[in-house]
Amino acid sequence: MIALAASARVLRVFQVVWVLGFLVGTTTHTADLIVGGVNTYSDFPLGVRLFWVSLTILDPATAALIIFRRRSGIVLGIAVIIVDIAVNWTVFVMVGGLSLFGVISQSLFAVLILVTARPLWRWFGPSPPRERGNLNG
């Protein structure tokens, strides 16, 4: 019984870390847009700018899905963080303008996401029928 309670607490910590991490991303990109306007990333290639702006939607969507224990949040979170670190490391190496601390800390967050995804997947359980595409449920 104690082991189950401890396990549930650990899973809850994983969930909270995911939510906080994606909310940090939300805050960062939202603040960039508030301070710099639509041209906030104008020194970077168009595809990079569009991706970074899209994170103002993708990051909070991921956080919300994780809060509500949806497996789709795990899938979205993994996709977002993998693409994000690929984009950011490419920009860091090829263009510059990003901090080493930022790309390293984001990469460490990606490792944490990948390590904790499977236990969260099990804990979240099967998705509701609507999320599985079953229109009858």
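Computed from a prediction, not measured in an experiment: that's the story for all the values here.

Asker: Looking at this structure, I do not really get the overall build of the protein chain. What am I missing?
Answerer: The helix and strand tally for the protein chain stands at 5 helices and 0 strands. Buried residues in the protein chain amount to 31% of all 137 residues. For the protein chain, the share of sequence-separated contacts (at least 6 apart) that also reach a separation of at least 24 residues comes to 67%. Carbon and sulfur atoms provide 71% of the accessible area of the protein chain, an area that totals close to 8,300 Å².

Asker: Help me understand the packing of helix 2 (residues 46-67) against helix 3 (residues 71-94), please; the structure alone is not making it clear to me.
Answerer: Look at helix 2 against helix 3: their axes get within 9 Å of each other, and the N-to-C directions meet at 150 degrees. Between helix 2 and helix 3, the interaxial angle falls into the category roughly antiparallel. In the packing of helix 2 onto helix 3, the handedness of the crossing is left-handed. Here helix 2 contributes Val48, Phe51, Trp52, Leu55, Leu58, Asp59, Ala61, Thr62, Leu65 and Ile66 to the contact with helix 3, which in turn contributes Ser72, Gly73, Ile74, Leu76, Gly77, Val80, Val83, Asp84, Val87, Asn88 and Val91. Along the lines of polarity and charge, the residues of the contact of helix 2 with helix 3 split into 14 nonpolar, 5 polar and 2 charged.

Asker: Could you clarify how one ought to interpret the packing of helix 3 against helix 4 (residues 100-124) in this entry?
Answerer: Packed helices, taken two at a time, are described by their axes: the angle between them and the distance between them. At a minimum axis distance of 9 Å, the contact between helix 3 and helix 4 shows a crossing angle of 160 degrees. With respect to helix 4, the axis of helix 3 lies roughly antiparallel. As helix 3 packs across helix 4, the resulting crossing turns out to be left-handed.

Asker: Teacher, can you tell me more about the nonpolar core here?
Answerer: A general trend in soluble globular proteins is that nonpolar side chains are found buried together. Counting residues in each nonpolar core, the largest one holds 24 residues, and the members touching the most others are Trp18, Phe22, Trp52 and Ile74. Of all the elements in the fold, those that place two or more residues in this core are helix 1 (2-36), helix 2, helix 3 and helix 4. Per element, the largest residue contribution to this core is 7 residues, and it comes from helix 4. For Trp18, the residues in contact, after removing those within four places along its chain, are Ile66, Gly73, Ile74, Gly77, Ile78, Phe109, Ile113, Thr116, Ala117 and Leu120.

Parameters and conventions
Residues numbered from 1 in each chain as written. Predicted model: local features only at pLDDT ≥ 70, side-chain atom pairs only at ≥ 80, totals over all residues. Heavy atoms only, no water. Helix = DSSP H or I, 4+ residues; strand = E, 2+ residues; numbered from the N terminus. Buried < 20%, exposed > 50% of the residue type's maximum accessible area, 1.4 Å probe, protein only. Contact = heavy atoms within 4.5 Å. Areas by Shrake-Rupley, 256 points an atom, 1.4 Å probe, with all protein chains shown as cover. Axes fitted to C-alpha atoms, helices over the stretch in contact; angles between N-to-C directions. Parallel < 35°, antiparallel > 145°, perpendicular 65-115°, else oblique. Left-handed = near helix turned anticlockwise from the far one by under 90°. Nonpolar A, V, L, I, M, F, W, Y, C, P; charged D, E, K, R; others polar. Core = buried A, V, L, I, M, F, W, Y, C linked by side-chain atoms within 4.5 Å.

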